[in-house]
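Structure at a glance
For reference, the chains in residue letters:
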Amino acid sequence: MEREEGQNDRTSTEQIPPQPLLATLLNNLPGMAYRCRFDGKRTMEFVSSGCTDLIGFQPEDLVDNKTTSYEDLILPEDRTAVSQEIESAIDEKRSYVFTYRLTTATSQEIWVMDKGEAIYRLDGTVEALEGFVADHTERMKAIELLEQRVVDRTRKLSALYH
């Protein structure tokens, strides 16, 4: 059986790498690896130590929503789009990649890229979401700056012809 690109046939029964290897890999990633429940709060079951540098919370602050839920860190105006993208990916049995804004522990707004996928039980229901969140703030600032420059240049050119 061939696997189509983007199709997710992974189940929770797959073999997991040895813990020391996994811990080393996760601790060296520039961002946050996660496993969360597919619930309204994206309740974290696992968060890598990279979350401290990314959002200022310790992993244990997010696990089981001890201090805050991940969903509550997502800016309110981005929450619906985030939920819709995840639900769409699940409906289509594909991974997801998208950007949105988070509020950090110090109340800063940052842009992040979230790449993940659903993990399915043998009966086909969603067991969890697993993925990786990386800081995209500098990239988004660069895009905003370029967009502003285009607007400014367009305005100047328009003024020349009127």
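Values in this document were obtained by computation on a predicted structure and should not be read as measured data. (Residues numbered from 1 in each chain as written. Predicted model: local features only at pLDDT ≥ 70, side-chain atom pairs only at ≥ 80, totals over all residues. Heavy atoms only, no water.)

Things to note about the overall build of the protein
The helix and strand inventory of the protein stands at six helices and five strands. Seen in sequence order, the protein has helices and strands lined up from the N terminus as α-β-β-α-α-α-α-β-β-β-α. Within the protein, the fraction of its 162 residues that count as buried is 36%. A sequence separation of at least 24 residues applies to 47% of the contacts in the protein between residues at least 6 apart. (Helix = DSSP H or I, 4+ residues; strand = E, 2+ residues; numbered from the N terminus. Buried < 20%, exposed > 50% of the residue type's maximum accessible area, 1.4 Å probe, protein only. Contact = heavy atoms within 4.5 Å.)

A few points about the pairing of strand 5 (residues 126–135)
Look at any regular strand and the pattern is simple: side chains alternate between the two faces of the sheet. Most of strand 5 sits out of view: seven of its 10 residues are buried. By the bridge criterion, five bridges tie strand 1 (residues 32–36) to strand 5 in an arrangement that is antiparallel. Residue pairing in the sheet places C36 in a bridge with L129 of strand 5. Taken together, strand 4 (residues 109–120) and the strand that follows it, strand 5, pair antiparallel across an intervening segment of five residues, in which G124 is found at a positive phi of about 90 degrees. (Pairing = 2+ DSSP bridges.)

Describing a nonpolar patch on the surface
On the surface, a cluster of nonpolar side chains totalling about 410 Å² of accessible area is made up of L157, L160 and Y161. On the secondary structure map, L157 appears in helix 6 (residues 137–160). (Patch = residues over 30% accessible without salt bridge, like charges linked within 9 Å, V, L, I, M, F, W, Y side chains within 5 Å. Areas by Shrake-Rupley, 256 points an atom, 1.4 Å probe, with all protein chains shown as cover. Salt bridge = Lys/Arg side-chain N within 4 Å of Asp/Glu carboxyl O.)

Describing the nonpolar core
Membership of the largest hydrophobic core comes to 28 residues, with the highest contact counts inside it found for M32, I55, Y70, Y100 and L102. Of all the elements in the fold, those that place two or more residues in this core are strand 1, strand 2 (44–47), helix 2 (50–55), helix 4 (70–73), helix 5 (76–91), strand 3 (96–103), strand 4 and strand 5. If we skip the residues at most four places from it in the chain, M32 touches M44, V47, S48, G50, C51, L54, I55, L62, Y70, G131, F132 and V133. (Core = buried A, V, L, I, M, F, W, Y, C linked by side-chain atoms within 4.5 Å.)

Brief notes about the environment of S49
Examined against the element boundaries, S49 turns out to sit in the loop between strand 2 and helix 2. Residue S49 is classed as partly exposed on the basis of its relative accessible area, which comes to 34%. Along the sequence, S49 and L26 sit 23 residues apart, while their C-alpha atoms lie 7.6 Å from each other.

Some points on the confidence of the model for the protein
For the protein, per-residue confidence averages 85 on the pLDDT scale, and 85% of positions sit at 70 or higher. Across the protein, element-level confidence peaks in helix 4 with a mean pLDDT of 97 and bottoms out in helix 1 (residues 19–27) with 73. Per-residue pLDDT stays below 50 along residues 1–13; that stretch engages in 23 contacts with residues further than four places along the chain or on separate chains. (pLDDT = per-residue confidence, 0-100.)

Let's talk about the packing of aromatic side chains
This model, assessed by the stated rule, comprises two aromatic pairs. Ring plane angle 50 degrees and centroid distance 5.6 Å describe the contact between Y96 and F98, whose orientation is recorded as tilted. Per residue, the accessibility class of Y96 equals that of F98, and both read buried. For the ring pair F98 and Y100, a centre distance of 5.4 Å and an interplane angle of 35 degrees mean the geometry is tilted. On the basis of relative accessible area, Y100 is assigned to the buried category, the value being 1%. Taken together, the ring pairs connect Y96, F98 and Y100 into an aromatic cluster. (Phe/Tyr/Trp six-rings, centres within 6.5 Å; stacked < 30°, edge-to-face > 60°.)

Considering the pattern of salt bridges
In the structure shown here, the tally under the stated rule is 12 salt bridges. Linking R35 and E130 is a salt bridge whose minimum nitrogen-to-oxygen distance equals 2.4 Å. Note that R35 is positioned in strand 1 and E130 in strand 5, a separation of 95 residues in sequence. For the pair R35 and E130, one class covers both residues: buried. Here D78 ties to R101 by a salt bridge, and the two come within 2.7 Å at their closest N and O atoms. You can see D78 sitting in helix 5 and its partner R101 sitting in strand 3, a full 23 residues away along the chain. Accessibility assignment for this pair places D78 and R101 in one class, buried.

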